[in-house]
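# Examining the three-dimensional arrangement
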Amino acid sequence: MSEIRGSALLRNATQEPADAGSGPPGSRVGAADSLALGDVLRIADRLGVDVAVAAARADGTGPVLGHRSQEPWPGASLYKTLAALALLRVPGHDPSERVTVTAADRVPGGAGLSLLGDPVTLSWRDLLRSMLVGSDNTAAQVILRRTGIPALDAVAREAGMTSTAVGTTAQTVAAAV
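First, a word on scope: everything that follows refers to the structure included in this document. Keep in mind that what you see is a predicted model, and the values were worked out from it rather than measured.

### Considering the packing of helix H4 (residues 124-134) against helix H5 (residues 137-147)
Helix-helix packing is described using two parameters, namely the angle between the two axes and the distance between the axes. Running from amino to carboxyl end, H4 crosses H5 at an angle of 125°, the nearest separation of the two axes being 8 Å. Considering their axes alone, H4 and H5 lie oblique with respect to each other. Where H4 crosses over H5, the handedness of that crossing is left-handed. Across the interface between the two elements, Trp124, Leu127, Leu128, Ser130 and Met131 of H4 pack against Ala139, Ala140, Val142, Ile143 and Arg146 of H5.

Encoded structure:
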């Protein structure tokens, strides 16, 4: 796979025709797609915002679109996908098992369980749903306590994400945002 880097994207976006042969039949990877990322990079530069992008087809075909894609970068809530998979792989995991979330479990985050004042009992399934649909940091914290961070790292490695490491808890992520 070839990697398209940010500076090349900006130069090549208007110079190279779309390469219809780079992706699956009927796809176009080239000038039109490059312009969209180029626009994002120019806007981010004007705003003084740091941006990193890494995108590839899940089946591994076609080019990898990247800008600063090899640099370490905080994944923010993306770790929650790994946490979901790790939870579902816990031996003997019962999605309907009930778990109580108390005030001591709450993580700042402005959504979901962090807003509630009383203890809440819900199933692992509903906790998982709250984490994924509502990006609930408290739900993620409880799930991380159940799975452990090494389980998330293992899921990432199995998915081919060899440069990905979850090195913090939801509380650290929340503090960094």
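### Some thoughts on H4
Among the residues of H4, Trp124, Leu127, Leu128, Ser130 and Met131 are the ones counted as buried. For H4, the angular spread of buried residues about the axis comes to 160°, placing them on one side. Buried positions along H4 lie against helix H3 (79-88), strand S4 (98-101), strand S5 (120-123) and H5. Ser135 occupies a position one or two residues after H4 and carries a positive phi of about 50°.

### Observations regarding the pattern of salt bridges
Overall, the coordinates contain 7 salt bridges when judged by the stated rule. In this structure, the salt-bridge partner of Arg42 is Asp39, at a minimum N-O distance of 2.4 Å. Remark: Asp39 and Arg42 occur in helix H2 (residues 31-47); sequence separation between them is 3 residues, near one turn of the helix. With a shortest N-O distance of 3.7 Å, Glu97 and Arg146 are connected by a salt bridge. With a gap of 49 residues between them, Glu97 in the loop between H3 and S4 and Arg146 in helix H5 connect regions that are remote in the sequence. Residue classification places Glu97 among the partly exposed residues on the basis of a relative accessible area of 33%. A network of salt bridges, in which partner residues are shared, links Asp50, Arg68 and Glu71.

Rules of the game
Residues numbered from 1 in each chain as written. Predicted model: local features only at pLDDT ≥ 70, side-chain atom pairs only at ≥ 80, totals over all residues. Heavy atoms only, no water. Axes fitted to C-alpha atoms, helices over the stretch in contact; angles between N-to-C directions. Helix = DSSP H or I, 4+ residues; strand = E, 2+ residues; numbered from the N terminus. Parallel < 35°, antiparallel > 145°, perpendicular 65-115°, else oblique. Left-handed = near helix turned anticlockwise from the far one by under 90°. Contact = heavy atoms within 4.5 Å. Buried < 20%, exposed > 50% of the residue type's maximum accessible area, 1.4 Å probe, protein only. Arc of directions from axis to C-beta. Salt bridge = Lys/Arg side-chain N within 4 Å of Asp/Glu carboxyl O.

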